[in-house]
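# Architecture at a glance
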Number of protein chains: 2
Amino acid sequence: MASNKIAVPKGTRDFSPAEMAKRNYIFDTIKTIFRKYGYQEIQTPSMENLETLTGKYGEEGDKLIFKILDSGEFLEKTTTIAELQELLEMTYETLEQQAIIENELKKSETNSIEIPKLTLQELENFTLLQTAYRTNVINYVKEYLTSKNLLRQISEKALRYDLTVPFARYVVSHQSEITFPFKRFQVQPVWRADRPQKGRYREFYQCDADVVGSDSLLNEAEFILIYDEALSNFGLKDFTIKINNRKILLGIAEIIGKPELIVDMTIAIDKLDKIGMEGVNKELLERGFTEGDLQKLTPIILLKGSNDDKLSALKEVLQSSEIGLKGIEELDTVFTYLKNVPLKTAKLELDITLARGLNYYTGAIFEVKTNEVAIGSIGGGGRYDDLTGMFGLKNLTGAGISFGADRIYDVLEELKLFPEDATQGTQVLICCFDREFENYGFRLVNQLREKKIRAELYPPGAKIKKQLDYANNKKIPYTIVIGSEEMQSGLLSLKNMQTGEQQKLPVDAILEKLLA
Amino acid sequence: MASNKIAVPKGTRDFSPAEMAKRNYIFDTIKTIFRKYGYQEIQTPSMENLETLTGKYGEEGDKLIFKILDSGEFLEKTTTIAELQELLEMTYETLEQQAIIENELKKSETNSIEIPKLTLQELENFTLLQTAYRTNVINYVKEYLTSKNLLRQISEKALRYDLTVPFARYVVSHQSEITFPFKRFQVQPVWRADRPQKGRYREFYQCDADVVGSDSLLNEAEFILIYDEALSNFGLKDFTIKINNRKILLGIAEIIGKPELIVDMTIAIDKLDKIGMEGVNKELLERGFTEGDLQKLTPIILLKGSNDDKLSALKEVLQSSEIGLKGIEELDTVFTYLKNVPLKTAKLELDITLARGLNYYTGAIFEVKTNEVAIGSIGGGGRYDDLTGMFGLKNLTGAGISFGADRIYDVLEELKLFPEDATQGTQVLICCFDREFENYGFRLVNQLREKKIRAELYPPGAKIKKQLDYANNKKIPYTIVIGSEEMQSGLLSLKNMQTGEQQKLPVDAILEKLLA
């Protein structure tokens, strides 16, 4: 396909100047806030060793990891070829050990110790054997190629699937240089070989902040403040930060007497929004809960009122569960911290049905949703007690959050919240009537730049209309047209491209106006 | 290897908070200047379709492209397996068509129309044939696997090798939306399966600005200003921007009467710095030039004096070469523009021996070197007349430059030029003597953040020494320690961690001091 030559791979995107300006606005806003809260940026390589990534995302996740062929030309590597050759030799040897051909040949020998004779039938048999032999080779090669051995032979590296596992790897790699608690943020692309669809990409940015080495619940309180500040700064007026605690979910499963069904329970109640209480109950019954269990569960799930009301009710319900009470205490502590620092915009809501990736989190769980646009969650996170355990560093507790930058982009676009000045490129375009003014124009454009004004001189020689079209297309708010009159008088005409208003001003006054 | 689990792949790097702060300083400085000159950021996907990249970097370059396995689990794709099976069947058929075995078997048949008999010798032959057969299969499979067919089967995508080809692809993809001249910059990682060594990485950032759709030499003049401004801002005191023009090189080859040896000529004279005039002459003779040619060439190569002196001398030498004179005129125009806008720091030097990737550039060529640190070029670029031609869009002239961010990093590090404030993380750490002060501390830290001060509250409960160590390790310049006295008096003690100086101040005074 010729068109393929100028197409990007499925599920990936080009970002135009206008899109990049908006994306940068989102990332810069979030990064500034992360930094204000003491989080520092790190970056890890796009590729990790395959063994760093595999086994961390479940079987389905592993399949979505993009693997990289070794050194581009893996098959010219002698080791691989030698390996393949050895394998094929082995195949033959195996088959020979099975003595398929030899046995058959021997059969004809057994009748005579002398020169073996093959009958026509035997020759036909030999052809059949040849076919069997061939099929065996094919199967063996096929099996070999599909085995993980070959995959490891031809691919030792893969593109990162998220920022969390590389972060855990980073902490373990650099533990001796790191001062704990380690507060890091990371804004980098990740890759997933997922089936592309609307809003789901094969390359997308993640935007994470994590702290490891601190069990203080102040971290949880600060994450809520970070969400509140970032989304308020974006101009969102109505959004909810949902919070829950895995210990409370454990406590609930305990008091029902089915702690082993904790995962089933949370999977079912997590769907309350989508399938309603009836649907949840149906699923709970299917998953091994009894009608009696439901009678205990339903009132907990349907708890209403303020966060304090819910906590009080839960304290009653979970009084016999140590871990449940611990979860309540943790949430209570977070709420108490926040009473000292009121949220700007966010609603903070204790949501008992909030589960998220349960096998991962051990304490608080967060999820953020805007109530202005129907779109999934625009942020999430929680506390995990053993993230670095997978790389051999035990007992390092941490907590983290993530912003869904692509969704935030769509929300700000739909609500027209991208501020003009933050996404503004060039501020003024200088146009020359004729080439003879180009040196004057060149001096002027650099005079403006000297004052940190983003300015361009349109390459002289083009018609003024073309130059003004350029300004309009690039959404440059001001133009200055230079002709002989302007050069002589030193009065330049500054045109506001939106209003059409024109003013004759000396350079100093123009500078002042543009810097205002 | 267990250690592999926490190691990054060869040739890739983790960037710590301290390193990231410095890298961000470099990128932010360059990006700000690009924007001031009207360049706008774009991003292209990390992966491109294989056919977008292959054939663009020469045979050696193609080998260094990192290819990505399709969808992670390519070998489970039925098409690939079916294809492989078909191939193996084909191999056998081919071999059978060659009738290696059949012929041999037939040989034994020719002696008898009846039942074929195999002698012991014939049986031995058969075993030999079997071996030949086996070897053929192995070779065939090997060949198949190395052929581009399989590579295309298992890999349709690759990581970008540079930013230039994806940019050309972008321009062609988006030509209908783009307003020309299109001034774009791009700062993204690229990947090369090169043998890693000191200063050469498999993943590194490129930092490019290009303009396409404008033949104005103002662009060349502005690129020189951009280099000058960026490197001056970094605090470099002594650096040279070398400039040449490919048309001048063509002209020189023309007046010698060997235009067909232009590539040989430039390869040889490009080495003047390294091997001296004698070495260059030796190489020129080897490459097909005569002693007579050298007599014409040497004085041109050794031209001394100001840029204007060199241009005058060249005008004399190249008077009979139309293209040579065009090159001189182009350089002259660039120098004339720059007489209106003096350079801040850079030396601009016309260097006749400067060649760079000749098959690529058609006009100006740039290279930037610092004279303070012995390191290769820290920037380069030039004009090309047909970049997008490779994707079918003809006659779109352009010019571009690139900054070598990794080398600039090393230079700034060696010269200790990273400014402290630009790489400063958290500005103040609040430490509590005891947990009872944590709510006070939490209010205070958020009060500071409200004023855009980057502030942290150390999770209360730890010893003060540990908290101050944290500040020192993170290079936080100020700390505030809170005890009962401070809480009661409202006078907080602000400590300068570098001087050890301590001041008792009310919050407002602290804010003022930190905001100063």
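Structural notes, computed from the coordinates. (Residues numbered from 1 in each chain as written. Chains lettered and ligands numbered in written order. Predicted model: local features only at pLDDT ≥ 70, side-chain atom pairs only at ≥ 80, totals over all residues. Heavy atoms only, no water.)

## A look at the packing of helix H10 (residues 246–256) of chain B against helix H11 (residues 262–269) of chain B
Residues and elements named next belong to chain B. At their nearest, the axes of H10 and H11 sit 10 Å apart, and the two run at 110° to each other. By the angle class used here, H10 and H11 are roughly perpendicular. For the element pair H10 and H11, the recorded crossing hand is right-handed. Seen from H10, the contacting residues are Arg-246, Leu-249, Leu-250, Ile-252, Ala-253 and Ile-256; seen from H11, they are Ile-262, Met-265, Thr-266 and Ile-269. Within the contact of H10 with H11, the residues separate by chemical class into eight nonpolar, one polar and one charged. (Axes fitted to C-alpha atoms, helices over the stretch in contact; angles between N-to-C directions. Helix = DSSP H or I, 4+ residues; strand = E, 2+ residues; numbered from the N terminus. Parallel < 35°, antiparallel > 145°, perpendicular 65-115°, else oblique. Left-handed = near helix turned anticlockwise from the far one by under 90°. Contact = heavy atoms within 4.5 Å. Nonpolar A, V, L, I, M, F, W, Y, C, P; charged D, E, K, R; others polar.)

## Remarks on the packing of aromatic side chains
By the definition in use, this model includes 32 aromatic pairs over all chains. Here Tyr-170 of chain B and Phe-182 of chain B contribute two aromatic rings whose centre-to-centre distance is 6.1 Å and whose plane-to-plane angle is 10°, an arrangement assigned as stacked. In this pair, Tyr-170 of chain B sits in helix H8 (residues 164–173) while Phe-182 of chain B sits in strand S5 (residues 182–191), placing the two residues twelve residues apart along the sequence. Accessibility assignment for this pair places Tyr-170 of chain B and Phe-182 of chain B in one class, buried. An aromatic cluster is built from Phe-34, Tyr-39, Phe-185, Phe-223, Tyr-227, Phe-366 and Phe-403 of chain A, whose rings are joined through pairwise contacts. For the cation-ring pair, Arg-13 of chain B lies above Tyr-201 of chain B, with the distance from its terminal atom to the ring centre recorded as 3.3 Å. Above the ring of Phe-15 of chain B, the side-chain terminus of Arg-23 of chain B is found at 3.8 Å from the ring centroid. (Phe/Tyr/Trp six-rings, centres within 6.5 Å; stacked < 30°, edge-to-face > 60°. Buried < 20%, exposed > 50% of the residue type's maximum accessible area, 1.4 Å probe, protein only. Lys NZ or Arg CZ within 6 Å of the ring centre and 35° of its normal.)

## Overview of the pattern of salt bridges
With the rule as written, the count across this model stands at 64 salt bridges over all chains. Between Asp-293 of chain B and Lys-258 of chain B there is a salt bridge, and its shortest N-O distance comes to 2.4 Å. Of this pair, Asp-293 of chain B sits in helix H13 (residues 291–301) while Lys-258 of chain B sits in the loop between H10 and H11, placing them 35 residues apart in sequence. In this structure Asp-293 of chain B comes out as buried when scored by relative accessible area, which is 6%. Its salt-bridge partner being Glu-330 of chain B, residue Lys-326 of chain B comes within 3.2 Å of it at the nearest N-O pair. In this pair, Lys-326 of chain B and Glu-330 of chain B are both assigned in helix H15 (residues 322–339), four residues apart and thus about one turn of the helix distant. On the basis of relative accessible area, Lys-326 of chain B is assigned to the partly exposed category, the value being 39%. What you see here is one network of salt bridges that share partners, running through Lys-183 and Glu-222 of chain A together with Arg-449, Glu-456 and Lys-474 of chain B. (Salt bridge = Lys/Arg side-chain N within 4 Å of Asp/Glu carboxyl O.)

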